[in-house]
Amino acid sequence: MTFMNDASNIYAHDRSRVWDDFQASLSGSREGLFVAVCTTSTSDEARNAIVKSAQALGYGADGVTFVTIDATGTRLTAPQLIDIVESMDPLCVVAADAGSTLLFAEAAQKLVEPNEPIRLNGREVRAFDDLNELMNTPAGKQKAWALLKTLPHFPRS
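Residues numbered from 1 in each chain as written. Predicted model: local features only at pLDDT ≥ 70, side-chain atom pairs only at ≥ 80, totals over all residues. Heavy atoms only, no water.

1. Here's the deal with helix H4 (residues 98-108)
Selection criterion: When accessible area is computed with a 1.4 Å probe and restricted to protein chains, residues below 20% of their type maximum are described as buried, those above 50% as exposed, and intermediate ones as partly exposed. Under the DSSP-based scheme used, a helix requires at least four consecutive residues in state H or I and a strand at least two consecutive residues in state E, with every element numbered from the N terminus. For this analysis, residues touch if any pair of their heavy atoms sits within 4.5 Å. N or O atoms closer than or at 3.5 Å make up a polar contact, with two conditions inside protein: a donor-capable atom paired with an acceptor-capable one, and, for residues adjacent in sequence, both atoms drawn from side chains.
Restricting attention to buried positions, one finds in H4 the residues Ser100, Thr101, Leu103, Phe104, Ala105, Ala107 and Ala108. The inward-facing, buried residues of H4 abut strand S2 (34-38), helix H3 (78-88), strand S6 (92-95), strand S7 (118-120) and strand S8 (123-127). One side-chain oxygen at the N-terminal end of H4 lies 3.3 Å from the backbone nitrogen of Gly99; it belongs to Asp97. Following H4 by one or two positions, Gln109 has its phi on the positive side, about 55°.

2. A look at the pairing of S2
What counts here: By this definition, two strands are paired if DSSP reports at least two bridges between them. If you view a crossover with the strands going away from you and the path from the first strand over the helix to the second runs clockwise, you call it right-handed.
The buried count for S2 comes to 5 of 5 residues, which makes it a mostly enclosed element. The alternating pattern of S2 places Phe34, Ala36 and Cys38 on one face and Val35 and Val37 on the opposite face, and all of these are buried. The pairing of S2 with strand S3 (residues 64-68) spans 5 bridges and is classified as parallel. For Ala36, the partnering residue across the bridge sits in S3 and is Phe66. In terms of handedness, the path from S2 via helix H2 (residues 44-56) over to S3 forms a crossover that is right-handed. In terms of strand pairing, S2 meets S6 through 4 bridges, oriented parallel. Note on S6: the bridge partner recorded for Phe34 is Cys92.

Encoded structure:
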């Protein structure tokens, strides 16, 4: 999916600015249609669960933008996080742990309940207490997948 890099796209400028301003905290897709926020790096298994969920929902294997709040040498503030999210303008956001859920809630100025499907500021949000921990057991994996699969499918024309 590279259609978002089109110079005629009105969102391309904001996305480019965000990648320039917050490059230490961002990884993955530059298109930002499926954003995953974590306090620190997610485990390989949690990251894989997010990527596979995005792929199953039609965003592609490389369709996730990862935002790390505590990246090397930097910590995002609530205003910075909301700037990233609003500039990326994703269809959905996943907060992978309690720290990212709290900061996202502060940034959005709304209550974000973990483990419940919610719609916030025009986008679907799924928040977890600790996605890394859920990946340690089969029951936890099922619980995570049950919540992730409630995210919207990528709209195809």
